[in-house]
Amino acid sequence: MNDLHPRIRVIWILRAVVVAVVVGAVGVGMATFFDVSPLPPVGFAVLLVIVGVIHAILRYRNWAYVVRADAIYLERGVFTEIRTEVPLVRIQHVDSRRSAFERLVGLASTVVYTAGSRGADVTIPGLTPGEADALRKRLKGLVIESDGEDAV
Amino acid sequence: MKLALKAVPYRALQKTTTLLISAVFIASIGVGVPVGPPQFLAVAVGSFLLSLGYEVAYYRRFEYELTDDTLDIRSGVFNRREREIPYGRVQNVDISRNIFQRLVGLSKLDIETAGGGSTEASLKYVTAFEANRLQLDIRRYKRGESPESHAEGATVADTDLDRDRAVDDEELLFEIAPSELALAGILSFDPRVPGALIALFTGSVPFISPIIPFDAPPLIVFGLLAVLFAAGLVLAWIVGAISAIVNYWGFRLTRSEGELRYERGLLQRYSGTIPFDKIQAITITDNPLKRRAGYATLVVETAGYAPGQTDGRGSEAAVPIGSRDRVDRLADEISSIEKPTFNRPPKRIRRRYLVRYLLAIAGMTGLLYAGLTVFDLADAMPWYLPAVAALGTPLAAHYKWLHRGYWLGEDHLVTRNGFWSRETKQVAYYRIQTVIETRTIFQRRWSVATVIADTAGSLSILGTGAAAVDIDHQDATRLRETLTERLRTALAERRRDRQRSTAFEWVDTKDEERSDSTGASGNGQDVDQSHTNRSDDSPSDVDRSDDDSSSRK
C-alpha cells in the first residue's frame, strides 16, 4: 500500500483554514451588524481550524492506495471508512490535475473515471507531479492491456 | 431523409401555444399595456407566423440517414450540427406519441446512448410508420444485419409488412392484465400531490384561517386538521391511481433477438427497445400488502438516461405490478438465476435498528410537542400519539434484519433490503463497475460494514447498485474481494466466448466479418453475436459451430 505525500496535509489544513476564515468573517460581520460580541464567531472559527487540523491528520493517516495487476484499491475516510476496488477494465479515462492549492505546495492528483453511478470518479490526491503523470501513464498502459471492451 | 411534412405546422402550433400561455401569464400579472382580444389575436397570429417560418427552415435543414454503421443527423437553423451515432452505442430507441400526435399520425423518436444525461438524438416528428421502420432498422443494424433496402419513399404497405414480420419473431414476455392494471392504480400514491397541497394551503392560510374556528375546543380543531389531511391523502391517491392507469395502459413487454421491447400508455403511447446486453440490474420490489396478495413490481435498469425517469416514473421497462410467479418467471427469462438463499447480517444488528427507530420516533414526537407548544396547544392535543408507534419498533427492527441479505450466485450477486418495501436486486458479476466497502463510525461500533456493487450509472433513485448492508466486517472484506475476483473471471470468460465466436465467423466470411468485428470493439455488438451463437435453433448457427470445430482441429 502506498501512502500519500505528507504535504497533502498542508493542502487539507489550508482548505479548512479558508473555510474557517470565511465562516469567521461572516460571523464577525453579522456580530458587528447586530451589535453583539464578535467573540463567539471567532471562537467557532478557531474550533473549525482545530477540527480541520485533526481531521487532516487522521485523513492522511487513513489514506492508502495500491495499483494491483487487475484493480486499483483505495482505503480512506475518517468518520466513514471507505474501501474501493476499481477494476482496471472499468476505467474510462484517467486525468492528472493540479489545483491552485496543489500547485502552491507542489503536488498533483490523479483522477480515475468509471461509468459507475456512485464511484464514478475516484481521486488519488497527494502525489508529486511526476508521480501523478507516471501513475496516469501506468494506468493507461494497464487499461489498454486489460482490454476495456466492457467498459459499460 | 426528412422529417414528416405534417410536423411543420404541428411544431409551429406547439410553439405558438407555449408562447401564448406565457403571454397570458405575463399579461395577468399586469404590465400596464392594455391587453384586449384584438391585441391578443395580433400576438397569436404574429407568433404563429414567426414560428412557422422557423419551423420551415428547421424542416429544410433537418436530415437524417441510416448508414451502414452510424445514424447521421444534420440539423440546426442558426447553429448547424452534424452528429453520427454508432449503432453499437445505442441503448434505447423510444417512440412516443401523445393524443394529439396520434390524431395527426406523428411520432417522436428518441435515441438514448449510455452515460449521457439527456437524449442523444430526437426526431420531432416523423410519421408513425417511419418511426416504427427506424426502430426496426436500427435494431437490425445493431445486430449487424443489413436491413432490406428501403426505397426513400417506402410505401405504407411495405412498412406494414415489415412490422408484421418483426412482430412475428417477438415473444411476448409480459402483458398487463386488467386486474393488475387496476391494482397498479389502487396501489399508486402520488407524493407530489400532498406537496402541492401544502404549498397551496400555506399560500392561502390568510384566507382560510377565518373559516377555522380557532376558539372552538382544541380537539375539534385537531379533528378538522385531521380531516383536511385525510382529504389530501385521498386526493393524492386518486391522482396517483389515474396517472398510473394512464401510464401503464396496455403495458406489454416482448422479447425479440437480443432485445426487450416495451409498449405502454393510454394518452401518450410509448414504445421502446432495450438491448439485453445493456441491462445493468433487475430489481424486484414488494411490500407486505403485495406479498400477501401475491404481487410484486419489477424494474429493469439500464445504463444511461431513459425518458420518463426525470418525472419519477422510473425505468420504462418496469412492470408496475404483476402476480409474483409471473414476475419471477419474467426475471428468470431476462437473466436466468438460481433460487437465492440469503446470508443475513449478524443478529446483533437488530438492536441497532431498534435504537434507530426509537430515536426517529422520539425525534418526531419531540418536534410535534415543540410545534404545539409554539401554538400554545400542547396541553390540549395528544402530542404523545406518535410515541405509540414505538410499540411496533421491535417488529420493524426484526423485519429489517430478516429482509436484509446478500447471496452470491453462479453469475449474479443478489441483495435484498427494506423492512416495509422489500427490494431484491440482481446484478450480474460482469456488470459490476466498482466495489465499495464502507464503514460509518456507527457501523464500526457494531463491527459491521456495507458492501456496494456499483453498476453503470442510471439516473433513477434505484440506480445505486446492489448493497449488502450491515454484514459482519470480516464477511464484508471477503465479499469485496470475491466480487472483484468474480468480475475478473466473468469478464475473462466472456472475452474467451467472444474470441471463439469471432474466430469462427472469420472462417465463415472473412472480409466482411473482419471489418465488422473491429468496428464493434468497445461496444456491446459482439455480445449480441455470442448471444446469437449460443442459441442453436437457427440452422446457420449450427453450420457455424461446425465450422468452428473444424477450424479448431
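- The name an unreviewed UniProt entry gives chain B is PH domain-containing protein, with Halohasta litorea as the organism.

- Chain A has the name PH domain-containing protein in an unreviewed UniProt entry, where Halohasta litorea is given as its organism.

1. Points about the overall build of chain B
Next up, step 1: Looking only at helices and strands, chain B has 17 helices and 19 strands in total.
Next up, step 2: Excluding contacts between residues fewer than 6 apart, the proportion of contacts in chain B whose partners are at least 24 apart in sequence is 63%.
Next up, step 3: Surface exposure of chain B reaches about 28400 Å², of which carbon and sulfur atoms provide 61%.

2. Description of the pairing of strand E5 (residues 108-114) of chain A
Regular strands show a simple pattern: their side chains alternate between the two faces of the sheet.
Residue and element names in this part refer to chain A.
Next up, step 1: In terms of burial, E5 is a largely internal element, 7 of the 7 residues being buried.
Next up, step 2: Where strand E4 (residues 91-97) and E5 come together, 6 bridges link them in antiparallel fashion. Each residue of the ladder has a partner; that of Asp95, found in E5, is Val111.

3. What to know about the sheet that holds strand E11 (residues 279-286) of chain B
Sheet strands line up and pair through hydrogen bonds in the backbone, either parallel or antiparallel.
Residues and elements named next belong to chain B.
Next up, step 1: Reading across the sheet, the 6 strands line up as E13-E12-E11-E16-E15-E14 and stay open at both edges, with antiparallel pairing between neighbours. Both edges of this open sheet fall to strand E13 (318-323) and strand E14 (405-408), since each of them pairs with a single strand only. Each neighbouring strand pair of the sheet contributes to a mean axis angle of 20°, computed without reference to strand direction.
Next up, step 2: Where E14 and strand E15 (residues 412-417) come together, 4 bridges link them in antiparallel fashion. Opposite Leu408, over in E15, you have Leu413 as the bridge partner.
Next up, step 3: Against the sheet, helix H6 (residues 178-186) contacts strand E12 (295-302) and E13, and its axis sits at roughly 115° relative to E13.

4. Things to note about the UniProt feature "transmembrane region" (unreviewed entry) in chain B
All names here are of chain B.
Next up, step 1: When the UniProt feature table is mapped onto this chain numbering, "transmembrane region" (unreviewed entry) sits at residues 12-33, 39-57, 196-214, 220-251, 354-375 and 381-399.
Next up, step 2: Within the segment residues 39-57, helix and strand shares are 100% and 0% respectively, and the terminal C-alpha atoms sit 27 Å apart.
Next up, step 3: Counting secondary structure, residues 354-375 comes out at 95% helix and 0% strand; the distance between its end C-alpha atoms is 32 Å.

5. Some points on helix H4 (residues 129-145) of chain A
All names here are of chain A.
Next up, step 1: Between its first and last C-alpha atoms H4 spans 24 Å; for 17 residues at 1.5 Å apiece the expected length is 24 Å, and the two agree.
Next up, step 2: Regarding H4, the residues found buried are Ala132, Leu135, Leu139, Leu142 and Val143. The buried residues of H4 all sit within an arc of 100° when viewed along its axis, so they share a single face. Turned more than 90 degrees away from the buried face of H4, the exposed residues are Lys137, Lys140, Ile144 and Glu145.
Next up, step 3: Residues of H4 that are buried make contact with strand E1 (64-67), strand E2 (71-76), E4, E5 and strand E6 (121-127).

6. As for the pairing of strand E3 (residues 81-86) of chain B
Next up, step 1: Relative to E3 of chain B, strand E2 (residues 70-75) of chain B is paired through 6 bridges, and the arrangement is antiparallel. Following the sheet pairing, Thr70 of chain B is matched in E3 of chain B by Pro86 of chain B.

7. Here we look at the environment of Ala397 of chain B
Residue and element names in this part refer to chain B.
Next up, step 1: Position of Ala397 among the secondary structure elements: in helix H12 (residues 393-403).
Next up, step 2: A residue is classified by how much of its surface remains accessible, and Ala397, at 3% relative accessible area, is buried.
Next up, step 3: Between the C-alpha atoms of Ala397 and Phe419, which are 22 residues apart in sequence, the distance is 7.7 Å.
Next up, step 4: Ignoring anything within four residues of it in the chain, the contact list for Ala397 reads Arg350, Tyr353, Leu354 and Tyr357.

8. Description of H12 of chain B
Next up, step 1: Of the residues making up H12 of chain B, those classed as buried are Thr393, Ala396, Ala397, Lys400, Trp401 and His403 of chain B.
Next up, step 2: In this fold, the buried residues of H12 of chain B make contact with helix H9 (288-293), helix H11 (349-374), E14, E15 and strand E16 (422-428) of chain B.

9. Observations concerning the packing of H11 of chain B against H12 of chain B
Residue and element names in this part refer to chain B.
Next up, step 1: For the pair H11 and H12, the least separation of the axes is 8 Å and the interaxial angle reads 135°. By the angle between their axes, H11 is oblique relative to H12. Read as a crossing pair, H11 and H12 show a hand that is right-handed. Residues Ile349, Arg350, Tyr353, Leu354, Arg356, Tyr357, Leu358 and Ile361 of H11 form the contact with H12, whose participating residues are Thr393, Pro394, Ala396, Ala397, His398, Lys400 and Trp401.
Next up, step 2: When the residues that make up the contact of H11 with H12 are grouped by side-chain class, the tally is 10 nonpolar, 2 polar and 3 charged.

10. Quick look at the environment of Tyr357 of chain B
Residue and element names in this part refer to chain B.
Next up, step 1: Its location among the elements puts Tyr357 in helix H11.
Next up, step 2: Relative accessible area serves as the criterion here: at 19%, Tyr357 is assigned to the buried category.
Next up, step 3: Excluding its chain neighbours within four sequence positions, the residues that come into contact with Tyr357 are Thr393, Ala396, Ala397, Lys400 and Phe419.

Conventions adopted
Residues numbered from 1 in each chain as written. Chains lettered and ligands numbered in written order. Predicted model: local features only at pLDDT ≥ 70, side-chain atom pairs only at ≥ 80, totals over all residues. Heavy atoms only, no water. Helix = DSSP H or I, 4+ residues; strand = E, 2+ residues; numbered from the N terminus. Contact = heavy atoms within 4.5 Å. Areas by Shrake-Rupley, 256 points an atom, 1.4 Å probe, with all protein chains shown as cover. Buried < 20%, exposed > 50% of the residue type's maximum accessible area, 1.4 Å probe, protein only. Pairing = 2+ DSSP bridges. Axes fitted to C-alpha atoms, helices over the stretch in contact; angles between N-to-C directions. UniProt positions renumbered as here; feature names shortened; annotations may be inferred. Expected span 1.5 Å × (residues − 1). Arc of directions from axis to C-beta. Parallel < 35°, antiparallel > 145°, perpendicular 65-115°, else oblique. Left-handed = near helix turned anticlockwise from the far one by under 90°. Nonpolar A, V, L, I, M, F, W, Y, C, P; charged D, E, K, R; others polar.

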